[in-house]
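Residues per chain are reported as follows:
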Amino acid sequence: MNTSIKPVSMDTLETAAKQIDSALSLDRQYPEMDTLLKNSRISGGALTGMTDTDYPSLCNHGLASVPLIGPVRHIPLPTELADQFSHVQCNCIMGLLPQISRGWVTIDTDIFFWNYETGGDLAYYEGLAEVVLTVGLITPRPGVFQPHIKFLLVVCTASEIVVLGVTFQSELDDPYALMHLQPNPLFTISSEGINMIQVKGTPEGRIFLAGANGHLFELQYQSYLSWFGKRCKLVNQSTSYFSFLVPSALRFGDNDPLVQIEYDESRQLLYTRSDTGSIYLYDLGADGQGISSVSSISQDAITNEAIRSANNPHEIDKSNFKPLVSISPIKKNESNTLALMGVTSSGVRIYFSISMSALGGRYGSLNLAHVRMPPGFAPNGPPQRPLHVHMASFSRGNSILCMSQNDNIDVVWSISPDTFGIDKSLRETSITTAIEGRVWALEQCPEPFSFESKVAGSRTLPPTIVCQHVQPSRRFTLLTSQGTFILTSMRPVDQLHHLLESSNGIDTDSIQNFFKLHREKEGCATALILICNNISTDKIISQHAIRAFFKYGGEPLLRGGMLQVSTPSTTQPRNANFFLPEQSGMQSLGGAIMPNEVIYSGKHDGICLYFARTLAPLWDSKIVEDNQSPDKALISRFTCEDLSWFSEQLTGLKLFLDEYAPMSVADVSDSPVRHSRTGTGVRAQAEAYERNSVLQLRLLVQYSIEGLELWRELCEHQFYMITERLPQIIKEDLCRTTFRDLVVSGKQITIALINALMERYYGDSNLTDALSKRLREICPNLYGAADLKMTKANELLQSAKHQTNKTEQLAMLQKSLELFKQVSSNIDLAHICTQFASVGFYVGVVELSLVSANQLDQQNVNLNLTLNGAGEMLGEQAEAVRKHCYTCITNTLNSLLLMSQGTSGLNNTSGVKVSSALEAEKQLSSMLEICYRSNDEIFHIFLYDWLIGNNLINRLLDVKSSYLEPYLRRSTKQSDNTAILEIMWKYYEKSRNYGNAARILAKLADRESSSFTLWDRIDYISRAILCAKAGTTEESGQFLHELEDKMDVAQLQLKIHSALEQIKTEEAAVALLELNTLHDISTLFANYAERFNLSECQLAILHCAGHYDPPLIQKLWKELLSQELNATIDLPEISKMSSLRNKIVTLGVNYLSSAEKFFPLQFIVQQLEVISVRGGWEEKWAMETLLQAGVSHAHLHEIYDTLLKLKSTCWEQLGHPFHLHTVIPILLTSYVAHLNKTVSLAERKPIISTIQDIIDTYVVDLQASTTLGPDVTTALTRFKSLQSSFSRQ
């Protein structure tokens, strides 16, 4: 067990495991019994057995010498018992009690028992007063009797039923060595005058009896008094539960005695057969405690259905189908469809199925499903056929029929499909054996152990050839007056053993024909049973099996080559250390064959089959019991004894492979062999492939044995207690893990299990050292030198957790860390980091995780992928490895972060323990500083991602690392990098790189993103301008100018956006969304300002662009004024005046500085005066509005004077031809007042003199006017008043 193999990659074990998967898959594709029967039909009907292929002769396969039944073992009756036959007066019957290997004989009132296996331990009981009719052995109901009573013996006489207690005295390995009957009956109850023909029990302790009146009875018993003071009662289950209250004379009976009772434990069904051949079905309920009559079928109905099942009913005599002489249940693990087999006196086997109930019950009617004719009905087959069959038995496809030849001899027919292995249709062999005397009882011998637990799958039991390595040969015991005869069926492995033994070598045609019959891989798998399990104590047989294995196992082929398929060589194998694949033209177990792929030999595939069949029950089964959850105790699916058995079986295979398999991996190139495509070149390549595959299988065997031994060791140390110590994530994985997973890819779980095992004994160094030594012996590849270091490191860590001296604790933790670093590629990193975090050793968490990452990715594949984008597949693997390691750090950081935020840490799985949020914040900062000092660039990337993911931007910006800027630069190349750009400009701003910060901000402003609003973009531009202004280079000055221009346009866009918000249309809503992206000035004018007739915005755009177009500008002003008036059309005049004045004042402030290019004062004055006249507003409104807008009195007077001299006809059209004359004196008055306030007298005099001259001109014009009206009068009055004011100054 201490053989160690150089560690192999997971791929090597996975490749071998796939071979086993394929072998198991093929093995599990066997058809079930009903399918075999259906496939045997020639055309239609439900009857088979009429063709030569149904019962082929082994002589046709060159195997005439192959035995189907082993030597019959005859054990005579004990001499003392034989002498008693001469004392028979009334009745003598015989039977078998196979549960305890006893036979029984009644001679009148006495009963005799003996061990039919040895012929000894003769015992008798003579405490009865009447002739015994039948006897039955029953397992007692639990809790009713004392534990020393192992069985109940039910003895039926003509008038009563007696129940006796049976005890035993054990010897060596035989618990039933000596049998003892309790002298006093446990129960005695009247049979009410009904003769009982048979007694049958169930494992639950129920007792059923077959009455001669045709009724089924149950003897019910209990440990306390009830039933009107009784402890037992007899219930007629054929009629009613309360039939015991009715006198027997009044009960109904059909006088068709029940002669047989059979119990199907797998379905909880009870069958009875009457003397005329009718079958009755009872359902005992899912728990086996109830009973209800379900269905029945008469002999006539069976016969008629059997005749109808034939293709040509006239070819078969009706008498062959009756009477029915025996029934045998077919267990659910033998067939899901077929439930019962009946045998007629002609040896015809009739199979029945049970339909599901349509009325809510479990089962419905009993239906004939198939009829199988016995040997002798095939046209070209031997004419011998069974006749006068009076007893039969059926077990897992094997039928035993007892035929009466004469009074002194019975002929036993054995019919079995075992010889033909996995087949698509049912083919059976048959053999007859003469037995001295008439057979009185026929029973299958109990198997020494239940092999079903060692056969995988939820389907029916596989054919014998699949499970012969664990299934013992079936034995049947027949009892006659001459003693017991034990027949043993021969499995294929028994037949091969016989051939090897009888041939005294392998140079016989029969052995070669055996390999042909079963195909080479099955023949090799069978030979391996003899080789590895050493069935024969004669080592010569094992050597013969080895020679046959290599000689008849075939040779490999390379698909696409020129090798010819040949029959197995008859020469001596060239080299016993030479595994070659099967050359029979079959595909390899691996599945579809690609060009130039090897077709493995029977030797190779035989090894796969043997391995797969040995581990079939646990290979793809979970380690722990089903329905286990990680929060409950995990229970091992298999016991120590089971695991020891599996290990022993594989150990034999390992010894064989160690001796005969190639000892090194063949150098198999993926490229074609540089030899000729014919002859030895192709053969050599095929052989090399097979050697390599066999070596992989050998490694898988070794690792499987070690996995089994480790599993067994865990069970011996209480599996559930060890798994309690596992981390939660490992528990969850273990609940899903199969044995295959554990062996092939379960390194992490095995490490965790070993650690948990060792942790249980930490503190006792002697015990842990002994346990380490033991693990090194049983699983050296799973627990190597590195694991020993890991054990020491774990022990130091656990001791440190209980150390109160902080200095010593730190020293122990540091030493533990150093040991863990040495074996970092083999540790349960997450678990260890949790342990480190639980004692606040955060430097250990960081350093160990980083060392593990670099150890597992020594080539820095992940770094190369990240920086250069090369090696994608390899990089993904490396990334996964590193991510696992780095996550151990971030898990701890997550816990500290949550606790620092006041979260209690309900989901804390990192082991962190802190007393307050403040301490958590302190520990978080400390751990981050440790992380920042790392020189692992990939980790820095992972850490920065974590900081960003947790919105710890300020902490990220505090990082002083050369890795941060490259990280941010790489991150900006991603498709969605807005968040990174946000961080990047802040990083540049903080590092005083204002130029780059400004450019990043400008990039953000222009970035296409639906999440940005126009205000966001303006904010970015504004920040960019501030950063650009902080720059000192000439380039930054130029960039600043560009930014300021961009800001001007953005402000225009904002103005358009505000204007569009007032337009409640769908088109405007769409435009508003579009305006969240920056546009150039031309687009703004054409697509938005002009399109939506935003005159003010158009004017602003022209002004910003410096585009002087007087007609367009006047047009825009006219539209602007009109729009403003329309906007206030429903308001009072005073509000209209105020609103329009505000608009003019605002625009005047913006545009008057541009030399009136975009504020055409003359046009505006005329428009405002027209509006004023039309609205009946105050005459001074327009003048005052423009003065408020910033127009000077002098300039405004020039405009009014110009308009007056133009003598526009619009005033006459408005009905106020002298309107300007009335406004000008108001303007001049205001002007004079303004001068008085702002100009000195000396400066004022020349201006006033000029004004007086102008007034004189206006007065002369008015006086010369031929039209005198109120406006003229008003104007003259105002001018004269103004002149008077001048004279007073």
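Okay, so let's go over this structure.

### Some remarks on the nonpolar core
Here is step 1 of the chain: By size, the foremost hydrophobic cluster in this structure holds 97 residues, and its most contacted members are Leu653, Phe656, Trp711 and Phe739.
Here is step 2 of the chain: Per-element accounting of this core gives the leading share, 12 residues, to helix H12 (residues 680-716).
Here is step 3 of the chain: Those residues within four positions of phenylalanine 739 in sequence are excluded, and the remaining contacts are Leu615, Leu618, Trp619, Ser621, Ile623, Ser704, Gly707, Leu708 and Trp711.
Here is step 4 of the chain: With 85 residues, the next largest nonpolar core counts Phe820, Ile938, Tyr944 and Leu1014 among its residues.

### Thoughts on the packing of aromatic side chains
Here is step 1 of the chain: Scanning the entire structure with this criterion turns up 30 aromatic pairs.
Here is step 2 of the chain: Look at phenylalanine 112 and tyrosine 124: their rings are 5.9 Å apart centre to centre, the planes differ by 35°, and that puts the pair in the tilted class. One end of the pair, phenylalanine 112, is in strand E5 (residues 110-115); the other, tyrosine 124, is in strand E6 (residues 123-125), with 12 residues separating them in the sequence.
Here is step 3 of the chain: A relative accessible area of 7% places phenylalanine 112 in the buried class.
Here is step 4 of the chain: An aromatic cluster is built from Phe638, Trp645, Phe646, Trp711 and Phe739, whose rings are joined through pairwise contacts.
Here is step 5 of the chain: If you follow arginine 385 out to its NZ or CZ, it ends over the ring of phenylalanine 377, 3.8 Å from the centre.
Here is step 6 of the chain: In this structure, arginine 999 is placed above the aromatic ring of phenylalanine 1039, and the distance from its NZ or CZ to the ring centre is 4.3 Å.

### Some details on the sheet that holds strand E27 (residues 429-436)
Here is step 1 of the chain: With respect to topology, four strands assemble into an open sheet ordered E24-E25-E26-E27, the strand pairing being antiparallel. Single-partner strands in this sheet number two, and they are strand E24 (389-395) and E27. Recorded for the sheet is a direction-independent mean angle of 20° between the axes of neighbouring strands.
Here is step 2 of the chain: Relative to strand E26 (residues 409-416), strand E25 (residues 398-404) runs antiparallel, the two sharing six bridges. In the strand pairing of E26, serine 404 is matched with aspartate 410.

### Some words on unusual backbone geometry
Here is step 1 of the chain: In this structure, proline 323 follows lysine 322 across a cis peptide bond, with omega equal to -5°.
Here is step 2 of the chain: Relative to the elements of secondary structure, proline 323 occurs in the loop between helix H4 (299-309) and strand E20 (324-329).
Here is step 3 of the chain: Although it is not a glycine, glutamine 268 adopts a positive phi angle of roughly 55°.
Here is step 4 of the chain: Within the secondary structure, glutamine 268 sits in the loop between strand E16 (258-264) and strand E17 (269-274).
Here is step 5 of the chain: Taking the relative accessible area as the measure of exposure, glutamine 268 reaches 9% and is therefore buried.
Here is step 6 of the chain: Phi is positive for lysine 1207, close to 50°, though the residue is something other than glycine.
Here is step 7 of the chain: Residue position: lysine 1207 is located in the loop between helix H39 (1193-1206) and helix H40 (1210-1214).

What counts as what
- Residues numbered from 1 in each chain as written.
- Predicted model: local features only at pLDDT ≥ 70, side-chain atom pairs only at ≥ 80, totals over all residues.
- Heavy atoms only, no water.
- Core = buried A, V, L, I, M, F, W, Y, C linked by side-chain atoms within 4.5 Å.
- Buried < 20%, exposed > 50% of the residue type's maximum accessible area, 1.4 Å probe, protein only.
- Helix = DSSP H or I, 4+ residues; strand = E, 2+ residues; numbered from the N terminus.
- Contact = heavy atoms within 4.5 Å.
- Phe/Tyr/Trp six-rings, centres within 6.5 Å; stacked < 30°, edge-to-face > 60°.
- Lys NZ or Arg CZ within 6 Å of the ring centre and 35° of its normal.
- Pairing = 2+ DSSP bridges.
- Axes fitted to C-alpha atoms, helices over the stretch in contact; angles between N-to-C directions.

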